[in-house]
Amino acid sequence: MRILSGIQPSGTLHLGNYFGMMRPASELQEKGDAYYFIANYHSMTSLYDPAERRRNTLDVALDFLACGLDPKRTVFFRQSDVPEVTELTWILGTVTPMGLLERCHSYKDKLAKGISFNFGLFAYPVLMAADILIYDSNVVPVGQDQKQHVEVTRDIAIKFNEQYGETFVIPEPQIRAETAKVPGLDGEKMSKSYGNTIDIFGDEKALRKKVMGIKMDSRSPAEPKPDADQNIAIQILKLVAPPEAARDYEDRLRAGGLGYGDLKKALFEHYWNHFTAARTKRAELAANLDYVNQVLADGAAKGRVVAQKVLQRAKVASGLD
Ligand code: ADP
Ligand code: TRP
């Protein structure tokens, strides 16, 4: 079974990225042969600063390796180090109906926000389809928001196979119900684009301030809260704390008597401790960039072998050979 996922280097990684994608991805590397990459071509649709792209790309590599990605088990690389994927993007684009892309939520959301579209941003899901199909991927672990893009990938693969004969493996999205949508500081989906994130790594003081800023209602501490399970701090606590500890806080909040300030302080401590080992690992990696670059170079070399084989299959099928 081949597992594949990607993440854009478009900013600092947050708890939504970690629990929605990176942790499931790290766990899956035990179950099959895993391919994970940093989607730097994708980041070009919305980020125009070269130095920032370089820095973010390295940051994602450090974050991912610090958070449990094992380069001995996993092929880990930069998307642009396997440029075959752009050739496949063109080929797939020719069997992709406009309507399929126009129906994507991410396209409609961006349109509604008045974001002006470049061709790359519109064609984004076709590049994502090429990412998935070029490695013969079976399973794609992602958060809920990317599910539709994997469905688009399936549609494109099926269309190509119908047109030119069996060429591509049809992939399945894999979404974990419990972490499909990690809430942010305001209760909306945690996302860089909403400015409501809690980062995985960063300055302790600034992060404490963020956690203490989680939005709460104005009920008094003494008041019982039958909706304790809906509380944002409780929901995040369930991810970062041992289950008994999280349950204990939830029970105390429900019964009344636990203040929101105390709850948020506890959340910060558990969150901070949850990533202690990863923080140490990250500092070690940051002091050994030659190693990190070698991991990415080795990953790209392995990925390219598969990508060239699958691309050639598509070229033969469609008469480009
Ligand atoms: P953002 O919304 O911050 O821009 P990305 O779109 O770069 O995040 O997401 C990278 C990966 O992390 C994707 O697989 C996505 O589904 C997952 N992800 C992002 N935010 C969340 C969240 N709040 N809950 C669960 N998964 C998430
Ligand atoms: N579009 C994904 C995101 O923004 C990143 C991505 C690019 C991806 N190519 C992929 C995810 C292929 C899974 C498979 O999060």
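Residues numbered from 1 in each chain as written. Chains lettered and ligands numbered in written order. Predicted model: local features only at pLDDT ≥ 70, side-chain atom pairs only at ≥ 80, totals over all residues. Heavy atoms only, no water.

Let's talk about the pattern of salt bridges
No. 1: With the rule as written, the count across this model stands at 22 salt bridges.
No. 2: With its nearest N and O atoms 3.3 Å apart, the salt bridge here joins Glu 204 to Arg 208. A residue pair is termed a helical-turn pair when its members lie 3 or 4 positions apart in one helix, as Glu 204 and Arg 208 do in helix α9 (residues 204–212) at four residues.
No. 3: Glu 204 sits in the partly exposed class, given a relative accessible area of 35%.
No. 4: Judged by its relative accessible area of 31%, Arg 208 falls in the partly exposed class.
No. 5: Via salt bridges that share partners, Lys 238, Glu 250, Asp 251 and Arg 254 belong to a single interconnected network. (Salt bridge = Lys/Arg side-chain N within 4 Å of Asp/Glu carboxyl O. Helix = DSSP H or I, 4+ residues; strand = E, 2+ residues; numbered from the N terminus. Buried < 20%, exposed > 50% of the residue type's maximum accessible area, 1.4 Å probe, protein only.)

Comments concerning the packing of aromatic side chains
No. 1: This model, assessed by the stated rule, comprises 15 aromatic pairs.
No. 2: Considering the side-chain rings of Tyr 107 and Phe 117, the 4.8 Å spacing of their centres and the 70° angle between planes classify their relative orientation as edge-to-face. Taken as a pair, Tyr 107 in helix α6 (residues 105–112) and Phe 117 in the loop between α6 and α7 (119–133) lie far apart in primary sequence, 10 residues in all.
No. 3: Since its relative accessible area comes to 27%, Phe 117 is described here as partly exposed.
No. 4: Clustering of aromatic rings is evident, with ring pairs tying together Tyr 18, Phe 19, Phe 268, Tyr 271, Trp 272 and Phe 275.
No. 5: Lying over the aromatic face of Tyr 260, Lys 225 brings its terminal NZ or CZ to 5.4 Å of the ring centre. (Phe/Tyr/Trp six-rings, centres within 6.5 Å; stacked < 30°, edge-to-face > 60°. Lys NZ or Arg CZ within 6 Å of the ring centre and 35° of its normal.)

Quick look at the site of ligand 2
No. 1: As a structural note, the neighbourhood of ligand 2 is formed by 14 residues, with Gln 8, Tyr 124, Met 128, Asp 131 and Gln 146 the closest of them.
No. 2: Measuring from an oxygen atom of ligand 2, one finds a side-chain N or O atom of Gln 8 at 3.2 Å.
No. 3: A distance of 2.6 Å is found between a nitrogen atom of ligand 2 and a side-chain nitrogen or oxygen belonging to Tyr 124.
No. 4: Compared with its free state, where it exposes 360 Å², ligand 2 has 91% of that area covered by protein.
No. 5: Mapped onto the shell around ligand 2, the elements with two or more residues apiece are β1 (2–7) and α7. (Near = heavy atom within 4 Å. Polar contact = N/O pair within 3.5 Å; in protein donor to acceptor, adjacent residues only side chain to side chain. Areas by Shrake-Rupley, 256 points an atom, 1.4 Å probe, with all protein chains shown as cover.)

Comments concerning the domain arrangement of the protein chain
No. 1: Split by domain assignment, the protein chain resolves into domain 1 (2–181 + 289–317) and domain 2 (202–274).
No. 2: For domain 1 versus domain 2, the separation of C-alpha centres amounts to 34 Å.
No. 3: Across the boundary between the two partners, domain 1 contributes five residues, which contact five residues of domain 2.
No. 4: Roughly 370 Å² is buried in total at the junction of domain 1 and domain 2, and carbon and sulfur atoms are behind 81% of that figure.
No. 5: Linking domain 1 with domain 2 are zero residue pairs in polar contact (both at pLDDT 80 or more), by the criterion used here. (Domains from an automatic or database assignment. Contact = heavy atoms within 4.5 Å. Buried area = accessible area lost by both parts, 1.4 Å probe.)

Looking at the site of ligand 1
No. 1: Neighbouring ligand 1 are 18 residues, the closest being His 14, Asp 145, Val 182, Ser 191 and Lys 192.
No. 2: The side chain of Ser 191 places a nitrogen or oxygen atom 2.8 Å from an oxygen atom of ligand 1.
No. 3: Coverage of ligand 1 by the protein chains reaches 92% of its 540 Å² of free accessible surface.
No. 4: Classifying every residue of the shell around ligand 1 gives six nonpolar, eight polar and four charged. (Nonpolar A, V, L, I, M, F, W, Y, C, P; charged D, E, K, R; others polar.)

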